[in-house]
Amino acid sequence: MSFTRRAVLAGAAGAALLGSGQVRAAGPLILRRGINLWPWFSLTREHPAPRTDYDWPPFQLDRQVPTVRDLGQLRRAGFDFVRIPVDPGPIVAAAPRERAILLDQVMAAVALALGQDFTVVLNLHANAATHHWTPAYLFGSEAAPGFPAYLTLIAELARRLARLGADRVVLEPVNEPFQACGDAEWERVQKRMLAAARSAAPGLTLVATGACGSMIAGLEPLKAQSLAAFEPLLFTFHFYEPYLFSHQGAKWMSEPFYPALNAVPWPASRGTLETTLTAVRARMAELGQPAAGGGAAVYRETERVLKEYFDAQPDRPFIEGYLRQVRGWAQREGVAPGRILMGEFGAVRTGAGIAASAPADRARYVRDVRMSAEALGFPWALWNLFDSLGLLVDDVSRQLDPAMIEALGLRTPG
């Protein structure tokens, strides 16, 4: 059965004209297979404290930005939507003239993707690594200093997106809220965000999420009916379990064993604890933190977590068990599976100074997550086109990784 990009869920037979002149969609857009396009509007150049502003232009000039060619080959491969993360910091910090320029740049990026026949999910993606315009400053609570400016930005983006047509674009007002699972403050904050967008764009599809970094545990306490006033809505969660596999080699994780963690197999039955520990010791020596010397404590912790991993023997049923929790939430809340977006998933790749999983293990993991999500009816968006979790063979050649394309159930573009 062919997929129609602009189809909407069954609902009202027609669209009603609203007082604003916009058209209310009959339901949220249907998405299927997508990819994230970070760092198009990320990787910033903020001035050090005590300053709270950014250099101009605020985004790093050498960051990876998708071209028309990149987008074209993604569309030919079979992706039907893109998720564009946007760091709100430079926009809310900018003076009026620079703010207008940045907003125009964001909308030009949306238009570029629309021109390649994609649906676009625009995601406000605050940067926790910056020193001022952090998630806590922007939406840590209703009293957060930057919250009024954040709401203003949400409304402004909603208005601009709505002009492009409610059947083509989606606004996701936040990325991975850090509040605790079921936190009442997050419920209030999210309603304020959705209200800001809805008042500006009555027909635009919006995305809601649970707290806890949009993990499944954060989605489960979310009451969909309490957000009914903000329809049309999609709901989202992110999935990287087990992190010991998906984030091996990651230098940004807080636990000190991740940078040297490598050769963790997927599924676990494809390898052995001894083989992986041998690879870890070799990597620790390369990093100047030998397991028998200064890295002894880290190595002991690595041994412990890897033993847990191999004892558990995670495989596709392990993934399915997690995702069935989402399906259970959907059934309890009366939300159709097609309205629940797995907005991020993926695994670190080996290359560019990172030792992670073997390419075949990475492809098997991505395949298992993708197939499990599709079996339950969830649309998905791979993280990412670029960077250490990228779909590309490397960020220089811009060649799509054939093994990953196959794992995603797509086709190699001609």
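Each remark here, short or long, concerns the structure printed above.
Residues numbered from 1 in each chain as written. Predicted model: local features only at pLDDT ≥ 70, side-chain atom pairs only at ≥ 80, totals over all residues. Heavy atoms only, no water.

Enquirer: Hey, could you go over the overall build of the protein chain for me, with residue numbers and the actual values?
Expert: Helix and strand counts for the protein chain stand at 13 helices and ten strands. For a compact globule of 414 residues, the expected C-alpha radius of gyration is about 22 Å, and the protein chain comes in at 21 Å, within 12% of that figure. Along the longest, intermediate and shortest principal axes, the C-alpha atoms of the protein chain span 70 × 55 × 45 Å. Out of the 414 residues belonging to the protein chain, those deemed buried represent 56%. Put simply, of all contacts in the protein chain between residues at least 6 apart along the chain, 74% involve residues at least 24 apart. Only carbon and sulfur atoms are counted for the fraction: they give 55% of the accessible area of the protein chain, which is about 16500 Å². Between the centroid of the 42 positive side chains of the protein chain and the centroid of its 40 negative side chains there is a distance of 6 Å. (Helix = DSSP H or I, 4+ residues; strand = E, 2+ residues; numbered from the N terminus. Rg over C-alpha atoms; globule rule 2.2 N^0.38 Å. Buried < 20%, exposed > 50% of the residue type's maximum accessible area, 1.4 Å probe, protein only. Contact = heavy atoms within 4.5 Å. Areas by Shrake-Rupley, 256 points an atom, 1.4 Å probe, with all protein chains shown as cover. Lys, Arg positive; Asp, Glu negative; His and termini not counted. Charge placed at Lys NZ, Arg CZ, Asp CG, Glu CD.)

Enquirer: I'd love a proper account of the layout of surface pockets, names of residues and values included.
Expert: Looking at the largest pocket, its volume works out to about 1100 Å³. In terms of lining, the largest pocket is formed by 30 residues, of which the most central are His125, Asn175, Glu176, Trp252 and Glu344. Class assignment of the residues belonging to the lining of the largest pocket gives a composition of 16 nonpolar, nine polar and five charged. As for the second largest pocket, its lining consists of Arg349, Thr350, Gly351, Ala352, Ile354, Asp387, Ser388, Val393, Asp394, Asp395 and Val396. Class assignment of the residues belonging to the lining of the second largest pocket gives a composition of four nonpolar, three polar and four charged. (1 Å grid on protein atoms, 1.4 Å probe; cavity = no way out; pocket = protein on both sides within 12 Å on 5 of 7 lines; lining within 4 Å. Points joined across faces, edges and corners; volume = space filled by probe spheres on them. Nonpolar A, V, L, I, M, F, W, Y, C, P; charged D, E, K, R; others polar.)

Enquirer: Quick rundown of the packing of helix α11 (residues 316-333) against helix α12 (residues 359-375)? Include the residues and the values.
Expert: Where α11 contacts α12, the axes come no closer than 9 Å and their chain directions differ by 40 degrees. As summarised for this structure, α11 and α12 are arranged oblique, according to the angle between their axes. As for the relative orientation of α11 and α12, their crossing is right-handed in sense. For the pair α11 and α12, contact is made by Arg316, Ile319, Glu320 and Leu323 and by Tyr365, Asp368, Val369, Met371, Ser372, Ala373 and Ala375, respectively. A class-by-class count of the residues in the contact of α11 with α12 yields seven nonpolar, one polar and three charged. (Axes fitted to C-alpha atoms, helices over the stretch in contact; angles between N-to-C directions. Parallel < 35°, antiparallel > 145°, perpendicular 65-115°, else oblique. Left-handed = near helix turned anticlockwise from the far one by under 90°.)

Enquirer: Explain helix α9 (residues 273-286) to me, using residue names and the numbers behind them.
Expert: If you check α9, its first and last C-alpha atoms are 20 Å apart, about what 14 residues at 1.5 Å a residue would give, namely 20 Å. Buried within α9 are the following residues: Thr276, Leu277, Ala279, Val280, Arg283 and Met284. End-on view of α9: buried residues confined to an arc of 160 degrees, all on one side of the axis. Summarising the geometry of α9, the exposed residues directed more than 90 degrees from the buried face are Glu274, Thr275 and Glu286. Looking at the packing, one finds that the buried side of α9 touches α10 (296-312). Positive phi appears at glycine 288, one or two residues downstream of α9, with a value of about 75 degrees. (Expected span 1.5 Å × (residues − 1). Arc of directions from axis to C-beta.)

Enquirer: If you had to explain the nonpolar core to someone new, which residues and values would you point to?
Expert: Grouped together as the largest cluster of nonpolar side chains are 124 residues, with contacts concentrated most on Phe79, Phe139, Met193, Phe237, Leu323 and Leu391. It is helix α5 (residues 147-162) that provides the largest number of residues to this core, a total of ten residues. When neighbours within four sequence positions are excluded, leucine 323 is seen to be in contact with Ile216, Phe237, Phe239, Met342, Val369, Ser372, Ala373, Leu376 and Phe378. (Core = buried A, V, L, I, M, F, W, Y, C linked by side-chain atoms within 4.5 Å.)

Enquirer: Could you give an account of the pattern of salt bridges, with specific residues and numbers?
Expert: One pass over the structure, following the stated rule, counts 25 salt bridges. The salt bridge involving arginine 83 is made with glutamate 172; its shortest N-O contact spans 2.9 Å. Taken together, the residues arginine 83 in strand β4 (residues 81-86) and glutamate 172 in strand β6 (residues 169-172) connect sequence positions 89 residues apart. For the pair formed by arginine 83 and glutamate 172, the shared burial category is buried. Of the charged contacts in the structure, one is a salt bridge between aspartate 368 and arginine 367, with a shortest N-O distance of 3.1 Å. (Salt bridge = Lys/Arg side-chain N within 4 Å of Asp/Glu carboxyl O.)

Enquirer: Break down the side chain of arginine 370 for me, citing the residues and quoting the values.
Expert: Secondary-structure assignment places arginine 370 in helix α12. Here alanine 407 takes part through its backbone oxygen, which lies 3.0 Å from a polar atom of the side chain of arginine 370. Within the structure, arginine 370 has its side chain in polar contact with the backbone oxygen of leucine 408 (distance 3.4 Å). Once residues lying within four places of it in the same chain are set aside, the contact partners of arginine 370 are Arg33, Phe345, Trp380, Glu406, Ala407, Leu408 and Gly409. (Polar contact = N/O pair within 3.5 Å; in protein donor to acceptor, adjacent residues only side chain to side chain.)

Enquirer: Go over helix α3 (residues 96-115) with me, naming the residues and quoting the values.
Expert: Its 20 residues place the ends of α3 28 Å apart at the C-alpha level, agreeing with the 28 Å of an ideal helix rising 1.5 Å per residue. For α3, every residue scored as buried is listed here: Arg99, Leu102, Leu103, Val106, Met107, Ala109, Val110, Ala113 and Leu114. Mapping the buried residues of α3 onto a view down its axis gives an arc of 145 degrees, with all of them on the same face. Within α3, the exposed residues directed more than 90 degrees away from the buried face are Arg97 and Gly115. Looking one or two residues beyond α3, the residue adopting positive phi is aspartate 117, at roughly 70 degrees.

Enquirer: Report on the packing of α5 against helix α6 (residues 184-200), specifying residues and quantitative values.
Expert: Between α5 and α6, the shortest axis-to-axis distance is 7 Å and the interhelical angle comes to 35 degrees. α6 is crossed by α5, and the crossing has right-handed handedness. Contact residues: α5 offers Phe147, Tyr150, Leu151, Ile154, Ala155, Ala158 and Arg159, while α6 offers Val189, Arg192, Met193, Ala196, Ala197 and Ala200.

Enquirer: Before we move on, could you go through the pairing of β4 and cite the residues and values that matter?
Expert: In terms of burial, β4 is a largely internal element, six of the six residues being buried. Burial of β4 is two-sided: the residues Phe81, Arg83 and Pro85 facing one way and the residues Val82, Ile84 and Val86 facing the other way are all buried. As paired strands, β4 and strand β5 (residues 119-124) are joined by six bridges and run parallel to one another. Each bridged residue has a counterpart across the sheet, and for arginine 83 the counterpart in β5 is valine 121. (Pairing = 2+ DSSP bridges.)

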